[in-house]
Amino acid sequence: MKKNHAVSVTALHQNPPPAFMPVEGQAMACLIGGSVDRIADVYLVEPSARHPRFFFVSHLSDCHMRVDYSTKPMRADFVEVWLKAEGLSDPASASWKAQACEGVYKAGQSLHAVLGAA
């Protein structure tokens, strides 16, 4: 078992740094359009109020009629992996809207503020 753990830690350190890193003190939203007048997907990244450099991540999908979100904040360097797993193919080149945010206690708390700034 220790051997497998060592391999996974080694693999983690061999991966290049993520191209997308969330900004501390900013709630960020990426809106992906399904059509001219309708948003199909919203990706939301919010800083944790309790854990510096940790973020809550959410994905609201209108076309799949579902909401996925992290129940616990994750380290900044894991956010890109989560976003890609949710379907945002290139978070680094996506168009992000940002709003100052001191931090949230659960995913989705800054959604309306960020969308209002968009």
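As a reminder, the structure under discussion sits directly above these lines.
Residues numbered from 1 in each chain as written. Predicted model: local features only at pLDDT ≥ 70, side-chain atom pairs only at ≥ 80, totals over all residues. Heavy atoms only, no water.

Participant: Describe the overall build of the protein chain, listing the residues and the values that go with them.
Facilitator: A tally of regular secondary structure across the protein chain gives three helices and six strands. Helices (α) and strands (β) of the protein chain occur, in sequence order from the N terminus, as α-β-β-β-β-β-α-β-α. Looking at the 118 residues of the protein chain, the share that counts as buried comes to 33%. A separation threshold of at least 6 residues defines the contact pool for the protein chain, and within that pool the share at least 24 residues apart is 48%. Only carbon and sulfur atoms are counted for the fraction: they give 56% of the accessible area of the protein chain, which is about 7,600 Å². (Helix = DSSP H or I, 4+ residues; strand = E, 2+ residues; numbered from the N terminus. Buried < 20%, exposed > 50% of the residue type's maximum accessible area, 1.4 Å probe, protein only. Contact = heavy atoms within 4.5 Å. Areas by Shrake-Rupley, 256 points an atom, 1.4 Å probe, with all protein chains shown as cover.)

Participant: Lay out the pattern of salt bridges with the relevant residues and their values.
Facilitator: Taken as a whole and judged by the stated rule, the model has three salt bridges. The salt bridge partner of Asp68 is Arg66, with a shortest N-O separation of 2.8 Å. Exposure remark for Asp68: the relative accessible area of 23% places this residue in the partly exposed category. Owing to a relative accessible area of 37%, Arg66 belongs among the partly exposed residues under this scheme. (Salt bridge = Lys/Arg side-chain N within 4 Å of Asp/Glu carboxyl O.)

Participant: Pulling in residues and values, what's your account of the environment of Met28?
Facilitator: Checked against the element boundaries, Met28 lands in strand 1 (residues 26-35). Residue classification places Met28 among the buried positions, given a relative accessible area of 7%. Once the C-alpha coordinates of Met28 and Ala98 are considered, the two residues, 70 residues apart in sequence, prove to be 4.4 Å apart.

Participant: Tell me what's going on with the nonpolar core, and back it up with residues and numbers.
Facilitator: The biggest cluster of nonpolar side chains holds 15 residues, and the ones touching the most others in it are Val45, Val57, Val79, Leu83, Leu88 and Trp96. With four residues, the single largest contributor to this core is helix 2 (residues 76-85). Once you skip the residues sitting within four places of it in the chain, Leu88 turns out to touch Cys30, Ile32, Tyr43, Leu83, Ala94 and Trp96. In this structure, Ala27, Val42, Cys101 and Val104 belong to the second largest nonpolar core, which totals 10 residues. (Core = buried A, V, L, I, M, F, W, Y, C linked by side-chain atoms within 4.5 Å.)

Participant: How would you explain the environment of Asp68 if you had to name every residue and give the values?
Facilitator: Its location among the elements puts Asp68 in strand 4 (residues 66-69). When the C-alpha atoms of Asp68 and Ala107 are compared, they prove to be 9.7 Å apart, with 39 residues separating the residues in sequence. If near-sequence neighbours (up to four positions away) are discounted, Asp68 is found in contact with Val57, Ser58, His59, Trp82 and Glu86. Only 2.8 Å separates the side chain of Asp68 from the side chain of Arg66, close enough to count as a polar contact. (Polar contact = N/O pair within 3.5 Å; in protein donor to acceptor, adjacent residues only side chain to side chain.)

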